[in-house]
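Survey of secondary and tertiary structure
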Amino acid sequence: MRAIFFVVVLAAAPAWAAQPDAFPFGDPKLGQKVLEAKCTGCHAARFGGDGSGPYTRSPRRVTSAASLLAWVQRCNAGNRLNLNGEEEESVAAWLNEAYYQFK
């Protein structure tokens, strides 16, 4: 007997499935605390000032919510910060809220 599989592609997700937040598993308040404790010192040393240079420079390297999370993960791994997934997403959520406003 032969099985038939159907693939359904939706052009747009239904309203009930929409995620208004780019980082639904992140807590911006936790992200701000983690960023201040583990990231700001390095950013201030590398970029000067208060360490916000990577987020305010032009042109921006971060162009989407996915690339923002990827940069957070890259910094975490490269600097051996040992952030867990929730902390990474929380840092991205705070940065998004404060600087980027991705949907």
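Here, the structure is the one placed above.
Described below are features of the structure shown in this document. As the structure is a prediction and not an experimental result, all values here were calculated from the model.

About the cut-offs
Residues numbered from 1 in each chain as written. Predicted model: local features only at pLDDT ≥ 70, side-chain atom pairs only at ≥ 80, totals over all residues. Heavy atoms only, no water. Buried < 20%, exposed > 50% of the residue type's maximum accessible area, 1.4 Å probe, protein only. Helix = DSSP H or I, 4+ residues; strand = E, 2+ residues; numbered from the N terminus. Arc of directions from axis to C-beta. Contact = heavy atoms within 4.5 Å. Polar contact = N/O pair within 3.5 Å; in protein donor to acceptor, adjacent residues only side chain to side chain. Phe/Tyr/Trp six-rings, centres within 6.5 Å; stacked < 30°, edge-to-face > 60°. Lys NZ or Arg CZ within 6 Å of the ring centre and 35° of its normal.

1. Concerning helix H1 (residues 28-38)
Where H1 is concerned, the buried positions are Gly31, Val34 and Leu35. Seen end-on, H1 carries its buried residues on one side only, within an arc spanning 100 degrees. H1 presents Lys29, Lys33 and Ala37 as exposed residues on the side facing more than 90 degrees away from its buried surface. Summarising the contacts, the buried residues of H1 are in contact with helix H2 (40-47), helix H3 (53-56) and helix H5 (85-100). A distance of 3.1 Å separates the backbone nitrogen of Lys29 from a side-chain oxygen at the start of H1, and that oxygen is part of Asp27.

2. Regarding the environment of Lys33
Following the sequence through the fold, Lys33 ends up in helix H1. Between the C-alpha atoms of Lys33 and Ser90, which are 57 residues apart in sequence, the distance is 9.4 Å.

3. Digging into the packing of aromatic side chains
Applying the stated criterion across every chain yields a total of three aromatic pairs. Considering the side-chain rings of Tyr55 and Tyr99, the 4.9 Å spacing of their centres and the 35 degrees angle between planes classify their relative orientation as tilted. Taken together, the positions of Tyr55 in helix H3 and Tyr99 in helix H5 put the pair 44 residues apart, joining distant regions of the chain. Tyr55 sits in the buried class, given a relative accessible area of 6%. Both rings, one in Trp94 and one in Tyr99, keep their centres 6.0 Å apart while their planes meet at 80 degrees; by these two values the pair is edge-to-face. The class for Tyr99 is partly exposed, based on a relative accessible area of 22%. By the ring-pair criterion, three or more aromatic residues cluster together here, those being Tyr55, Trp94 and Tyr99. Looking at Arg74, its charged tip hangs above the ring of Trp71, at a distance of 4.4 Å from the centre.

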